[in-house]
Structures are given as structure tokens and as C-alpha cells.
Amino acid sequence: MDSNALTPEVLRELRAPRPYPAVSLTMPTHRRDRHNEQDTVRLRNLLAAAGHRLDADPGLDRRTRAAVMERLTAAVAEVDLRHALDGLLVLADAREHRIWYLPREVPERVVLSDTYLTRNLVAATAQSRPYWVLGIAADRATLWSGSGESVHEHRADGFPMVPPEESWDVEREERVGNIPSTFSDEETRRFLRTVDHAMGTVLGRRPRPLHLVGLAPALALLAEAGNATHKAVGRLVKGGLTDGPARVLLKEIGPVVEDHARREKTEVLNRLEEAKGRRTFAAGLDEVWESVREKRADLIALEEHYRRTVRVQDGHLVPVDEASAASAADPGVRDDIVDELVEGALDGGAHVVFLPDGTLAGHDRIAAVLRY
């Protein structure tokens, strides 16, 4: 499953307590290259390691152990490494299994607990910069969920939307592209007010940058219709994209999304500079981690491929050599502390922004604006 499919509802369900053991497997993967065969071997070895962990747990009865292993084996069999991104997450308990392909590198590990491991999934979703695309015509509105290299139609929350059939006169259905010629029609305005209200509900539940797509008359009328779509960060003035297809919409909206990313980068760097003057600034992993723990972080900015292996010692993060075998075997070592920090920041209400590598070189690759 694409990390773009992670919703607040799904995340709450994944974090819910469940009968022990809930098993989480994570491993780095390679995107469509010769290392895919290596990933296959690595995945089989990870499954074997999970089996050994289950066998060695004295608190598990044979029936539970067998049920969990059956779900894990089924999950691994379903993994299609042709869709591999940068990381893989496999979740399983005695009743179900789930597979997530992550656009972010993750450590190789096996975790047995009474909940699933979610921090890598949350961080990968944040890094992929999810966004909404609202396609507008006078007689149809569609909503698309995008992130990274994919976009797919969101068929929920009332979308796709069309006006009530009785509001349209067949003799008036002359088209320019996919837009009726009667933009002044009150029925059209009423329909777009309904679209705006539905979009407001979606943004309230799943806040993301919103981009609008449609011909100029439709976008102008939508701007008059309500308030929610005023939050749009990008507009593509082009008809014929209300129904995609996805690959065409992704290509067309790409420059608009990239332009927003550039503007966001500039705004974030300006906020960091202003925070220095107000002394509400933190930099470096240890300082930012402390601010997240204290829920003082309002904005976290970090580089896309930033990772650090650490040991928590006396309330601080002590860097550890990732290549050290002794470190890898030390249960006190946390090799995905950055993902853990991102998840904690989002849970604490902070805004998390990933920036291109090298952007924050002067701040040890991570910085924060503090609330106080």
C-alpha cells in the first residue's frame, strides 16, 4: 500500500492496542534496479528472523505463534518488489497483515509489541508531501490525492460530485471543453458552493496543500462560491482534466506542485531566520528532539535524507557509529530516531517540512521554530 493511503483514521487503527504479538518488519529496498534480487533474499531472511523471535518468546503458545507466522508468511508472499520504493513495512498479527511501500529509507528490524510500529510510516508520509487536487467544471468536481510520484482519485467524502439532474436543461448543455456555457446560472453557483463546503470538510479532517484545476470561468466562479477553496496554494488553468486520467493529471500538475515546494522552502527559511532573532530557534538533533519532547516545537525543518543512529543517555542523544556491529546489537541504540522525532512532532501539533539535502547544512541538517 502506498503511504499516500495513510489517513488519520487508518493511523488511529494501526496504533490501537491489539493482542500480543503485533509484528512489524521494516527494511530498506531499492527502486526498480538490479538490487531487487538482493531485496528478495533480505526479505526472506527478515521473515526467518521474525520466526526465530516468535519461537524464542516463552509467553507465546504454539497456536498463537503459528497464526502470526501464517499471516507474516502470507504478507511476504504478497510483497511485489517491482513496486518497491525506498523502504518496506510489513505488519501482521494473528488475524491480519498489511504491506506498505515507503518513499523513505528505514532500518532493518523486527519488532514484537502490542501495537504496530508506525513512526517510519508517518515520517515517510510526511516526506512525500501529500497534497489535494480539486478538478472543477461547472457540472462536475473530482478530488485527487497526490504525493511523490503518484496521484489517484479520492472517491469518498461526496466526491466525485455532480449537480442534481433536475437542475440541468438538456438544451442548454453546450460545452466549451468540459465547461457548460452558462457560468452565470444560479444552479452552477449553488453546486460550486456545495463543492466548496465538501472541500472544507476534507481539509478539516486531512489538512494538505490544495491545488485547483479547471478553466478560468469555473475557477473564478468557485472563488466566489465559498471560503474553503480560498486556501488553495496553486492553480492550473486548463480544462479537460476533471476526470484525469491520473498519469496526465500528474504530469500537468507537477510544475504547480514544484512551484509551491519552492515557495514553501523560502517561507520556512525566512521563519527560521526570524526565530533566531526572537530566540525561539533550535538547531541540531539533540536540541530539536528536546523541544519536541516538551511540545514546544511549532515548525520542524529537516533534510530529506537525514538519518542518525543514537543512544539516549542522561536525557540527551549521543551519536553512535551506524557501522558498528556492537551498536547494532545494543538494545539501547535507536537507529530511526529521526522518524521517531517526526512522528512525535506531528502528534504534538507541529508542522514538519522536508527540505532538499544541503539546505540546513549550517544547522546540523535539522532546525525548529519554537512556540516559546
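Residues numbered from 1 in each chain as written. Predicted model: local features only at pLDDT ≥ 70, side-chain atom pairs only at ≥ 80, totals over all residues. Heavy atoms only, no water.

For the protein chain, the count of helices and strands is 10 helices and 18 strands. Its C-alpha atoms put the protein chain at 75 × 55 × 40 Å along the principal axes. Residues classed as buried in the protein chain amount to 49% of the 372 residues present. In the protein chain, once contacts between residues fewer than 6 apart in sequence are set aside, the share between residues at least 24 apart is 69%. For the protein chain, the exposed area adds up to about 18,000 Å²; of that, 51% sits on carbon and sulfur atoms. The averaged location of the 60 negative side-chain charges in the protein chain is 2 Å from the averaged location of its 51 positive side-chain charges. (Helix = DSSP H or I, 4+ residues; strand = E, 2+ residues; numbered from the N terminus. Buried < 20%, exposed > 50% of the residue type's maximum accessible area, 1.4 Å probe, protein only. Contact = heavy atoms within 4.5 Å. Areas by Shrake-Rupley, 256 points an atom, 1.4 Å probe, with all protein chains shown as cover. Lys, Arg positive; Asp, Glu negative; His and termini not counted. Charge placed at Lys NZ, Arg CZ, Asp CG, Glu CD.)

What follows deals with the pairing of strand E1 (residues 22-28). Residues in a regular strand project their side chains so that they alternate between the two faces of the sheet. With 7 of 7 residues buried, E1 is to be regarded as a mostly interior element. Of the two faces of E1, the one lined by Ala22, Ser24, Thr26 and Pro28 and the one lined by Val23, Leu25 and Met27 are each fully buried. In this structure, E1 lies alongside strand E4 (residues 109-113), joined through 5 bridges in antiparallel fashion. Its bridge partner being in E4, Ser24 is matched across the sheet by Val111. (Pairing = 2+ DSSP bridges.)

This part takes up unusual backbone geometry. Look at the link from Tyr20 to Pro21: it is a cis peptide, with omega at 5°. By secondary structure assignment, the location of Pro21 is in the loop between helix H1 (8-15) and E1. Look at the link from Phe159 to Pro160: it is a cis peptide, with omega at 0°. Within the secondary structure, Pro160 sits in the loop between strand E7 (150-153) and strand E8 (175-176). Located in the positive-phi region is Asp157, a residue other than glycine, with phi close to 55°. Relative to the helices and strands, Asp157 resides in the loop between E7 and E8. You can call Asp157 partly exposed: its relative accessible area is 32%. Backbone geometry places Arg279, a non-glycine residue, at a positive phi of 60°.

The values are spatial; any link to function lies outside them.
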